[in-house]
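Next come the chains, spelled out residue by residue.
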Amino acid sequence: MDKLDPTRVWVDGCFDFMHHGHSGAILQARRTIRPEDYTSRTELIIGIHNDNDIMLNKGGKPVMNEAERYEHTLTTRWCNQIVTNAPYVTNSKFLDNFGCKYVVHGDDITTDINGEDCYQSMKDMDRFKVVNRTEGVSTTELIHRILTGEKTGLANKISEYIHSLKMYSTNINGYDPWCWVFNQSFDHILVHGGYKFDKSQAIYVFGNFDLFHIGQIEKLKEVKNKNSDTSTLIVGIREGNEDCIMTLLERCLSVLSCRYVDGIIINPKIDNLTNTYELDHLYCPQGKFKYLNKDLIITRILDNKLHYVKRNKIKGK
Ligand code: CTP
């Protein structure tokens, strides 16, 4: 691609343990492209580093392997395409291949193996845009909660977070509404969606959605496609018990970021719905990630406890 286009935007990273901080950066990157400036070439492209480059530069292996990280990131609603094996140090030549003028990153400094800023050359060329990092969540924080049993995330006062719920409910352009957000029942609407909702036509999947991962996403995709790819998928997110590592709000924002989801019911108290599935009872025999579940993710961390304690210490936790 020869011409650089300001409406082709690049965002890159590890996206390990994909959480709403990552999807928040992706959403804000999408929002750097104003809908009125859209052209037929407009795209948000996500570059993802492979496991070896992460090990080399960050000094530790990611919890989720590259196949899991690639696929999960691709399912983010505001993403058009992913590029695997993206260079750890972002450089203009690589972005030029995709016609992207700008790279977007959160307001933290990421350094390479030599301690150099991974975006310095892009900053020097004025091809770097910064967005707000989401507070209270990070891969380090989630690992810390698993290692210690501490729950230090945002409080679950859902009604105080309408602004975030609205943001994460937007359609692919990151501005216009898409997902509906209900609190407990259909009468209590927190966010109005961008389409006419008919509760009798929707399909529902209920669960805790803790440590939202590609194994769960694969199930959502299958249920949605089985019922026709035009059907409306509403996810019921239960409050869960104290075993949940992510708070209810964190789980809601993670689920809302998924392209297969058309709405959520927070802490559902609804009976008599047809087309309802329990997340834990769903199984995708053909699923590439059917082996993945919350226990396995926790085991990966606990089996390498010393490594992750050291990693988190370096990260200041
Ligand atoms: N990011 C963010 N808010 C967070 C965590 C990450 O906005 N709470 C952004 C980063 O600034 C970056 C993108 O998400 O633009 C991808 O981050 P990544 O390379 O995966 O790693 P980290 O910044 O190390 O995030 P984490 O510690 O959560 O792995």
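Remember, it's a predicted structure, so these values are computed and weren't measured experimentally.

Visitor: Explain the sheet that holds strand S8 (residues 203-207) here, please?
Guide: Note: strands within a sheet are paired through backbone hydrogen bonds, in either parallel or antiparallel orientation. Ordered in space as S7-S6-S10-S9-S8-S11, the 6 strands form an open sheet in which the pairing is mixed. Both outer strands of the open sheet, strand S7 (185-191) and strand S11 (276-278), are each paired with one neighbouring strand and no more. Going from strand to strand, the sheet's axes swing by 25° on average, the running direction of each strand aside. Bridging between strand S6 (residues 180-183) and strand S10 (residues 263-266) involves 4 bridges; their strand directions are parallel. Note that in S10 the partner of Phe-182 across the bridge is Ile-265. Contacting S8, strand S9 (233-237) and S11, helix H8 (residues 214-226) runs over the sheet at an angle of about 160° to S8.

Visitor: What exactly am I supposed to notice about the environment of Tyr-260 here?
Guide: For Tyr-260, the position within the fold is in the loop between helix H9 (248-256) and S10. Beyond its immediate stretch of four places on either side in the chain, Tyr-260 contacts Thr-75, Ile-217, Lys-221, Lys-224 and Leu-233.

Visitor: Would you explain the sheet that holds strand S4 (residues 100-106) in this entry?
Guide: A sheet is described by the order of its strands in space; here 5 strands give the open sequence S3-S2-S1-S4-S5, paired in parallel fashion. Of all strands in the sheet, those bounded by a partner on one side alone are strand S3 (81-83) and strand S5 (128-131). If you compare each strand with its neighbour and ignore which way they point, the axes differ by 30° on average. Across 3 bridges, the pairing between strand S2 (residues 43-48) and S3 is parallel. Note that in S3 the partner of Gly-47 across the bridge is Val-83. Sheet strands touched by helix H1 (residues 20-31): strand S1 (5-13), S2, S4 and S5. Its angle to S2, the strand with the most contacts, is close to 145°.

Visitor: Can you help me understand the side chain of Thr-73 in this one?
Guide: With respect to the helices and strands, the residue Thr-73 is situated in helix H3 (residues 66-74). Not counting residues within four places of it along the chain, the set of residues in contact with Thr-73 comprises Phe-15, Met-18, Ile-26, Ile-46, Ile-48, Cys-79 and Ile-82.

Visitor: What is the right way to look at the packing of aromatic side chains in this model?
Guide: To describe a pair of aromatic rings, you give the distance between the ring centres and the angle between the ring planes. With the rule as written, the count across this model stands at 16 aromatic pairs. A ring pair is formed by Trp-10 and Phe-94, whose centres lie 5.7 Å apart and whose planes are at 75°; its orientation type is edge-to-face. In this pair, Trp-10 is assigned in strand S1 and Phe-94 in helix H4 (residues 92-96), connecting sequence segments 84 residues apart. Here Trp-10 falls in the buried class, since its relative accessible area comes to 1%. Take Phe-94: its relative accessible area is 23%, and that puts it in the partly exposed class. A ring pair is formed by Phe-182 and Phe-197, whose centres lie 5.2 Å apart and whose planes are at 45°; its orientation type is tilted. Taken together, the residues Phe-182 in strand S6 and Phe-197 in the loop between S7 and S8 connect sequence positions 15 residues apart.

Visitor: Looking at this structure, I do not really get the pattern of salt bridges. What am I missing?
Guide: Side chains that differ in charge, positive against negative, can pair when their charged atoms come close. One pass over the structure, following the stated rule, counts 14 salt bridges. With a closest N to O distance of 3.0 Å, Arg-34 and Asp-37 form a salt bridge. Asp-37 gets classed as partly exposed once you look at its relative accessible area, which sits at 32%. Between Arg-145 and Glu-141 there is a salt bridge; the shortest N-O distance is 2.7 Å. With Arg-145 and Glu-141 both in helix H6 (residues 139-148), this residue pair falls 4 residues apart, about one helical turn. For Glu-141, a relative accessible area of 6% puts it in the buried group. One salt-bridge network, held together by shared partners, links Arg-34, Glu-36 and Asp-37.

Visitor: When you look at the nonpolar core in this model, what are you seeing that I'm missing?
Guide: Burial of nonpolar side chains together is a common tendency in soluble globular proteins. Within the largest apolar cluster, 67 residues are counted, with the highest numbers of intra-cluster contacts made by Phe-17, Leu-165, Val-205, Phe-209, Val-235, Ile-264 and Ile-266. In terms of residues, this core owes the most to one element, H9, which gives 6 residues. Those residues in contact with Val-205 that sit more than four places away from it in its chain are Leu-220, Val-223, Leu-233, Ile-234, Val-235, Gly-236, Tyr-277, Leu-279 and Leu-282. Counting residues in each nonpolar core, the second largest holds 14 residues, with Ile-54, Tyr-88, Tyr-119 and Met-122 among its members.

Procedures and definitions
Per chain, residues are indexed from 1 in the order of the written sequence. Local features in a predicted model are, by the rule used here, given only for residues with pLDDT of at least 70; side-chain atom pairs are given and counted only at 80 or more, and totals for whole chains, interfaces and linings are based on all residues. Only hydrogens and water are removed before side-chain values are computed, so all heavy atoms of the structure are retained for them. Criterion used throughout: strands pair if DSSP finds at least two bridges between them. Note on conventions: DSSP H or I runs of at least 4 residues are helices, E runs of at least 2 residues are strands, and numbering of each starts at the N terminus. To obtain an axis, a line is fitted to C-alpha atoms, over the contacting stretch when the element is a helix, and the angle between two such axes runs from 0 to 180 degrees between their N-to-C directions. Should any heavy atoms of two residues lie within 4.5 Å, those residues are considered in contact. Each aromatic pair joins two rings of Phe, Tyr and Trp (for Trp, the six-membered one) with centres within 6.5 Å, and gets the label stacked for planes under 30 degrees apart, edge-to-face for over 60, and tilted for any other angle. Throughout, exposure labels follow a simple rule: accessible area from a 1.4 Å probe, protein chains only, divided by the maximum for the residue type, with under 20% read as buried, over 50% as exposed, and the rest as partly exposed. Salt bridge, as applied in this entry: a Lys or Arg side-chain nitrogen positioned within 4 Å of an Asp or Glu carboxyl oxygen. Among buried residues, the Ala, Val, Leu, Ile, Met, Phe, Trp, Tyr and Cys ones that are joined through side-chain atoms within 4.5 Å form a nonpolar core.

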